[in-house]
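# Chains, contacts and geometry: an overview
Here is how the chains run, residue by residue.
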Amino acid sequence: MKISFCTTCMDRLHHLMQTLPVNIQNTSSYPNREFIILNYGSRDGLHEWVQTNLRSWIDSGIVKYYRTKKPKFFVATHAKNIAHRQATGDILCNVDADNYLMEGFSEYLVEKLTGKTIVAAPPTDNFGIAGSCGKIAVLKEHFYSVNGYDEGQNLGWGWDDTNFQFRCRMQNDLEYICSDKKWCVAIHHSNEERTRNFCIKDIYEGRDISEKRLIDIAIRKDYIANKDENWGYIEDLSVDIS
């Protein structure tokens, strides 16, 4: 099975330049994989770094790089959908720019994703550091069965992952597997940095709005998002690294 590791990035070059080379190396024992990198309006030199440092991986097909200049704010659900829709793998796994992949994780996903499961990380690692809960892996068919992440959740940070995995589970009657904390390694940083590029900067306000949306979805039992919308799309998406 082919695995697509999908990473979105807006002004997180300082994280990606630490994690991506390690993640590529740590998954080298499972060559049937690709890394989808979406530059979602970054203004921190990400594109230039890609030009200088990723060209050989792009040429080999290990990395697929996409860029849009259009977004003014980071909308995690929209960015993740764009990235995931470029993926060609049988397994789609979101990996935030501040997250590391450990050796053996690819093999672990192939073992656990049986067609009746979804794999997601716990909120914190063994040291109580948060930041890994966005690491969610599903079969491609399950991702598309609910139209991906809920782009109606578009204002603040948090709950996009919970919303997605809940809808996937309910729509497809999947068993939820909470991965061992040994797979959860992320770069520690502040909540201020987490919310800097969102429309709503207050982390608690953003989470409250998203939580209420998920509760409403659960009550209505309406698990398919982005209806009648061209979801996971943006007009100026480009693969040019010249």
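Residues numbered from 1 in each chain as written. Predicted model: local features only at pLDDT ≥ 70, side-chain atom pairs only at ≥ 80, totals over all residues. Heavy atoms only, no water.

## Overview of the nonpolar core
Using the following cut-off: By nonpolar core we mean a set of buried residues, namely Ala, Val, Leu, Ile, Met, Phe, Trp, Tyr and Cys, connected to one another through side-chain atoms within 4.5 Å. Under the scheme applied here, a residue whose accessible area is under 20% of the maximum for its type counts as buried, over 50% as exposed, and between as partly exposed, the area being computed with a 1.4 Å probe on protein chains only. Every helix listed is a DSSP run of H or I at least four residues long, and every strand listed is a run of E at least two residues long, numbered separately from the N terminus. Note on contacts: a residue pair is in contact if any heavy atoms of the two residues lie within 4.5 Å.
Of all hydrophobic cores here, the largest spans 32 residues; its most connected members are Phe5, Leu16, Leu20, Phe35, Trp49, Phe105 and Leu109. For this core, the elements supplying multiple residues, two or more each, are β1 (3-9), α1 (13-26), β2 (33-40), α2 (46-53), β3 (63-68), β4 (91-94), α5 (105-112) and β7 (136-139). Considering every element that reaches this core, the biggest residue donor is α1, with four residues. Excluding residues within four positions of it along the chain, Phe105 makes contact with Phe5, Cys93, Lys135 and Trp183. Counting residues in each nonpolar core, the second largest holds 27 residues, with Cys6, Leu38, Tyr40 and Leu92 among its members.

## A word on the sheet that holds β7
Neighbouring strands of a sheet are bound in pairs by backbone hydrogen bonds; such pairs are parallel or else antiparallel. Formally: Paired strands are those between which DSSP finds at least two bridges. In this description, a line fitted to the C-alpha atoms serves as the axis of each element, helices being fitted only across the stretch in contact, and the angle between N-to-C directions of two axes falls anywhere from 0 to 180 degrees.
Taken together, seven strands build an open sheet; the order of strands is β3-β2-β1-β4-β7-β6-β8 and the sheet is mixed. Single-partner strands in this sheet number two, and they are β3 and β8 (175-178). Put simply, the sheet's adjacent strands are angled 20 degrees from each other on average, direction ignored. Where β4 lies against β7, three bridges are found, and the strand directions are antiparallel. Each bridged residue has a counterpart across the sheet, and for Cys93 the counterpart in β7 is Ala137. Here α1 sits on the sheet in contact with β1, β2 and β3, set at roughly 170 degrees to β2. Set on the sheet, helix α7 (residues 160-172) makes contact with β6 (117-120), β7 and β8; between it and β7 the angle comes to about 30 degrees.

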